[in-house]
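Close look at the chain arrangement
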Amino acid sequence: MSENQQSYRQIIKATSLFGGVQVFQIIIQVIRSKAIAVLLGPAGMGIAGLLNSTVGLISGITNFGLGTSAVKDISAAHATGNNDMIARVITVLRRLVWLTGLLGSLVTLILSKLLSKITFGNYDYTLAFIWIAITLLFNQLTTGQLALLQGMRKLRHLARANVTGSALGLIFTLPLYYFWGIDGIVPGIIVASIISLMSSWFYSRKVEIINVKVTRKETCLLGKNMMTMGFFISLSGLASLGASYLVRIFIRSFGSIDQVGLYNAGFTIITTYVGLVLTAMGTDYFPRLSAIAHSNSLCKQTINQQAEIVLLILAPIILVFLVFIRWVVILLYSTKFVAVNDMITWAALGMFFKAISWCIAFILLAKSASKLFFWTELLGNVNMLLLNLLGYYLWGLTGLGISYLTGFLVYMLMVYFISKKKFEFAFDPVFRKIFVIQFALALSCFIVVKLLDKAFYYPIGIILIAISLNYSYKELDKRIALRETITDICRNIRKREK
């Protein structure tokens, strides 16, 4: 097997593992969203979205990006094979997540009244913010445990922790929505965070870490780099969370809580369901890219390979959503949410540019260019915020889909030219060919859906989906011998049955 084929198979292996996890979590998310949509309606979804986005914003300010920066430090220590160093880094991480988690809870508690006024325009939700303040500590402790598993490359434990937390969270929160309605939203948020913490703690305990004594001075010394890099990651994440928060406030002010709920539903479909490929790949991609960050040529090769696989898997999914978006929305939510159809179709095209920019932007973190990463993300988020506000003001929810497409096109061009100048990055001809073919098919689907009646666009759309699937299958087969792999899996299944 060639080195390139091994690299492609590593990408597929990680994608398969965490793709399965993401599919399971998406099923959980579908059931939860369906329950909220049916039991609470768009207004309930809007309230839940505003509470979660506000908590996410405070967390982004106070968590110092430890969920990402710690993975890099733990991975580096793990690569040395020095158990003492590994234990010291993890001990420092555990102290830092306690400090930052308590900070987040305290800030939310103190500002609860102000947060209610800013977020909802009244003080009715002050008590809600007081109660959910504790979730910032729970969530940060969970982040620390998951960073440990990812940094130590215990990917199966990490997958099981995520699956268990999601499944149990659903089981224990659904009855709250059923019996208490909108009043069950806050208890549901708290219960879900507790269960996630318990699940991550259970699996992280399976990783053997030796006991070491780390002084306060050592904690400051070892934690300095982790906090410095994490600080810039946190700032960039804060820009994204802040932009999302302001968009929701803008929609509530110029529209309604129901419109916020529709916005949440639409972008949950795009970022969670369509974006599952990126989430699945991200767990392994960042550590793998960090390991070869010293070589610009290896980074270029790895990014192109990753981008090829992303598009080959993602493109057919996008086409399915474009053609069958009405039924997808009804299945995931209800007929009350079909108003987001146009927004989603525009945003689905934007996923192509988001996927490409996602693959490139990781090089900034892998190269430890944290300041450059921060300014790039800040400019990208400010641009997206302005486009979102303008888009909603002019065209409502549909305008948010148009702004999503435009914003990620601009962001992709920005990170591409920065990476080209700083790290000699460029797209390979093979990747460019894949992009042109798959994007042309998606654009054709988009035009067909917009211009033709259902009786015509369904059969034409199905043909375009089949072409995209066939092309992706052939290209994947060239890289990882997909046909041979599937044959081996079927043979093994038949052996077990016998």
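Look above for the structure.
Overview of the structure. What you see as residue numbers is a count from 1 along each chain, following the sequence as written. Since the coordinates come from a predicted model, pLDDT governs what is reported: local features require at least 70, and pairs of side-chain atoms require 80 or more to be given and counted, while whole-chain, interface and lining totals use all residues. Values reported for side chains reflect all heavy atoms of the structure, with hydrogen atoms and water molecules removed beforehand.

Time to look at the overall build of the chain. Strands here are runs of E lasting at least two residues and helices are runs of H or I lasting at least four, both read from the DSSP assignment and numbered beginning at the N terminus. When helices and strands are tallied, the chain shows 19 helices and zero strands. Buried residues in the chain amount to 55% of all 498 residues. A separation of at least 24 residues holds for 83% of the contacts in the chain among residues at least 6 apart in sequence. Method for areas: the Shrake-Rupley scheme with a 1.4 Å probe, in which residue coverage is limited to the protein chains shown. Of the roughly 22,500 Å² of accessible surface on the chain, 65% is carried by carbon and sulfur atoms. Note on exposure labels: buried denotes an accessible area under 20% of the residue type's maximum, exposed denotes more than 50%, and partly exposed covers the range between, all computed with a 1.4 Å probe on protein chains only. Every residue pair with non-hydrogen atoms within 4.5 Å of one another is taken to be in contact.

This part is about a nonpolar patch on the surface. Exposure above 30% relative accessible area and no salt bridge define the residues that can form patches, which grow by joining like charges within 9 Å and nonpolar side chains of Val, Leu, Ile, Met, Phe, Trp and Tyr within 5 Å. The working definition used for a salt bridge is a side-chain nitrogen of Lys or Arg within 4 Å of a carboxyl oxygen of Asp or Glu. Side chains of Leu106, Leu109, Ile110, Leu111, Leu114, Ile118, Leu127, Ile130 and Trp131 sit close together on the surface and give an oily, nonpolar patch of about 870 Å² of accessible area. Mapped onto the nonpolar patch, the elements with two or more residues apiece are α4 (83–110), α5 (112–120) and α6 (126–132). With respect to the helices, strands and loops of the structure, isoleucine 130 is situated in helix α6.

Stacked, tilted and edge-to-face are the three classes applied to pairs of Phe, Tyr and Trp rings, where Trp contributes its six-membered ring and a pair requires centres within 6.5 Å; stacked means planes under 30 degrees apart, edge-to-face means over 60, and tilted covers the rest. Taken as a whole and judged by the stated rule, the model has 26 aromatic pairs. Between phenylalanine 254 and tyrosine 393, the ring centres sit 6.2 Å apart and the planes meet at 85°, which makes this aromatic pair edge-to-face. Separated by 139 residues along the polypeptide, phenylalanine 254 in helix α10 (residues 216–254) and tyrosine 393 in helix α16 (residues 370–423) bring together distant segments of the chain. Accessibility assignment for this pair places phenylalanine 254 and tyrosine 393 in one class, exposed. On the basis of an interplanar angle of 80° and a centroid distance of 5.3 Å, the ring pair of phenylalanine 425 and phenylalanine 427 is categorised as edge-to-face. Accessibility classification places phenylalanine 425 together with phenylalanine 427 in one group, the buried group. Chaining the aromatic ring pairs together yields one cluster made of Tyr263, Phe267, Tyr404, Phe408 and Tyr411. For a ring to carry a charge above it, either NZ of a lysine or CZ of an arginine must fall within 6 Å of the ring centroid while also lying within 35 degrees of the normal to the ring plane. Its end group placed over the ring of tyrosine 123, lysine 113 keeps NZ or CZ at 5.3 Å from the ring centre.

With that settled, the discussion passes to the pattern of salt bridges. What the rule picks out here adds up to four salt bridges. Across the pair aspartate 428 and lysine 300 runs a salt bridge, and its minimum N-O distance is 4.0 Å. Separated by 128 residues along the polypeptide, aspartate 428 in the loop between α16 and α17 (429–451) and lysine 300 in helix α13 (residues 296–323) bring together distant segments of the chain. Where lysine 478 meets glutamate 475, a salt bridge forms, and the shortest distance between an N and an O atom there is 3.1 Å. Of this pair, lysine 478 and glutamate 475 both sit in helix α18 (residues 454–480), separated by three residues, roughly a single helical turn. Looking at lysine 478, the relative accessible area reads 60%, which means it is exposed.

Moving on, we get to α5. Ser112, Leu115, Ser116, Thr119 and Phe120 are the residues of α5 that are buried. One side of α5 holds all its buried residues, which, seen down the axis, span an arc of 100°. Among the structural elements, α2 (41–62), α4, α6 and α10 are those in contact with the buried residues of α5. Once α5 finishes, glycine 121 follows within two positions and takes phi at roughly 80°, a positive value. Read the arc as the range of directions from the helix axis to the C-beta atoms.

The next subject is the layout of surface pockets. Once rolled over the atoms, a probe with the size of a water molecule shows which space is left empty. Each pocket or cavity is described by its volume, and for the second largest pocket that value is around 280 Å³. Definitions used throughout: a 1 Å grid over protein atoms alone; a cavity as a set of points that fits a 1.4 Å probe which cannot get out; a pocket as an open set with protein on both sides within 12 Å along at least five of seven lines; a lining residue as one with an atom within 4 Å of a point. Along the walls of the second largest pocket sit 17 residues, with Ile90, Arg94, Gln145, Arg205 and Ile209 positioned nearest its centre. Breaking the lining of the second largest pocket down by element, the ones donating at least two residues are α4, α7 (134–151) and α9 (185–204). With six residues, α4 is the single largest residue contributor to the lining of the second largest pocket. Just so you know the grouping, Ala, Val, Leu, Ile, Met, Phe, Trp, Tyr, Cys and Pro go in nonpolar, Asp, Glu, Lys and Arg go in charged, and all remaining residues, Gly too, go in polar. The residue makeup of the lining of the second largest pocket, split by class, is 10 nonpolar, five polar and two charged. Grid points are joined across faces, edges and corners, and a volume is the space filled by probe spheres set on the points.

Within the secondary structure, glutamine 301 sits in helix α13. Distance from glutamine 301 to phenylalanine 425, taken between C-alpha atoms, is 9.0 Å for residues 124 residues apart in sequence.

Of note, the phi angle at glutamate 424 is positive, near 60°, even though the residue is not glycine. Its location among the elements puts glutamate 424 in the loop between α16 and α17.

Our next topic: the environment of glycine 104. Among the secondary structure elements, glycine 104 is positioned in helix α4. Assessed through its relative accessible area of 0%, glycine 104 is described here as buried. Taking the C-alpha atoms as reference points, glycine 104 and threonine 135, separated by 31 residues in sequence, lie 9.0 Å from one another. Beyond its immediate sequence surroundings of up to four residues, glycine 104 is in contact with Ile58, Thr62 and Leu136.

Bringing the environment of valine 415 into the picture now. Within the secondary structure layout, valine 415 lies in helix α16. Of the residues examined, valine 415 reaches a relative accessible area of 1% and is grouped as buried. Residues valine 415 and isoleucine 356, 59 residues apart in the sequence, show an inter-C-alpha distance of 9.7 Å. Each residue touching valine 415, except ones within four places of it in the same chain, is listed here: Ser357, Ile360 and Thr376.

So, about the nonpolar core. Taken as a class, soluble globular proteins show a tendency for nonpolar side chains to be buried jointly. In plain words, nonpolar cores are sets of buried Ala, Val, Leu, Ile, Met, Phe, Trp, Tyr and Cys residues tied together by side-chain atoms within 4.5 Å. Grouped together as the largest cluster of nonpolar side chains are 116 residues, with contacts concentrated most on Leu51, Leu289 and Leu400. If you tally residues by element for this core, the top one is helix α15 (residues 341–366), at 19 residues. When near neighbours in sequence (up to four residues on either side) are disregarded, leucine 400 contacts Val247, Ile251, Tyr263, Phe267, Met343, Asn388, Gly391 and Tyr392. Membership of the second largest hydrophobic core comes to 27 residues, among which are Leu66, Val89, Val214 and Met226.

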